[in-house]
Every structure is written in C-alpha cells, then in structure tokens.
Amino acid sequence: VVNRFDEPREMIRLEASLYDKDNKVVATKQQLAGNAVSLFQLQVLSEQELEQTLSNKLGVLTNNTNVPAGGEVPFMIVFCKPPASATEIGVKVIDARLPAVR
C-alpha cells in the first residue's frame, strides 16, 4: 500500500472483500499492513500460523509506523477457505493514522 497523503501515516489498516457474480460481498477480512509471507509459507503453514505471522506486531511496527508521503508498506490478506461463489476481490484502506507526536 502506498501513502498518498501529504504527511506521514501509520498503522494502516486494510479491508479485503470477496464478491460473487452479483457483486454481493461473500467474505470480508481486515488486516494491518506490514507483513507478508512467502509462497513456501503459504503452502506449509496452518491457517492459525498464517494469521499469527500476518499479524506479527514486530513486522507491523517495523513497516507500518511513520510511513512518509509516497512510502510503501507491504501487506497480504489471506482467505484460507474462500467461498466457492467468490469471483472478484476488492481491497481498501479503512484507517491510516497520523503518527503520534514524539
């Protein structure tokens, strides 16, 4: 995700939604940006392990604090058992906070 604001942001939270052919939401998931896993990890980690890795506070705090204007933050949102009716995905930023004054 790219910070398109004119000032730094942090704790950027995303929401991914899966839609069916009628454009109705069939699944939604929220995730803080900052973490991603490899293809190998996707293949071998359990659903719980994936959730823990993608929610790892160290990665979030390292990558998702004081993101400068134009800066990028990695993210990954995984639906382990997506509904069979899902045909489209949408991702949007639902929170991007101003850094705390330090």
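Our subject is the structure listed above.
As a starting point, this report considers the structure included with it.

What counts, and where the lines are drawn
Residues numbered from 1 in each chain as written. Predicted model: local features only at pLDDT ≥ 70, side-chain atom pairs only at ≥ 80, totals over all residues. Heavy atoms only, no water. Core = buried A, V, L, I, M, F, W, Y, C linked by side-chain atoms within 4.5 Å. Buried < 20%, exposed > 50% of the residue type's maximum accessible area, 1.4 Å probe, protein only. Helix = DSSP H or I, 4+ residues; strand = E, 2+ residues; numbered from the N terminus. Contact = heavy atoms within 4.5 Å. Pairing = 2+ DSSP bridges.

Before going further, it helps to examine the nonpolar core. Counting residues in hydrophobic clusters, the biggest one holds 11 residues: I12, L14, A16, L18, A27, A33, V67, V73, I77, F79 and A96. The greatest single-element share of this core, amounting to four residues, is contributed by strand β1 (residues 10-19). Those residues within four positions of L14 in sequence are excluded, and the remaining contacts are V1, K29, Q30, Q31, A33, F75, I77, V91, K92, V93 and I94.

Burial analysis of β1 places seven of its 10 residues in the buried class, the great majority of the element. As judged from the eight bridges shared by β1 and strand β3 (residues 88-97), these two strands associate in the antiparallel manner. Bridged to A16 within β3 is V91. Across seven bridges, β1 lies against strand β2 (residues 25-32) in antiparallel orientation. Along β2, the bridge assignment pairs S17 with T28. In sequence, β1 turns back onto β2 through a hairpin of five residues, with N23 there showing a positive phi of about 65 degrees.

Just geometry here; none of it tells us what the structure is for.
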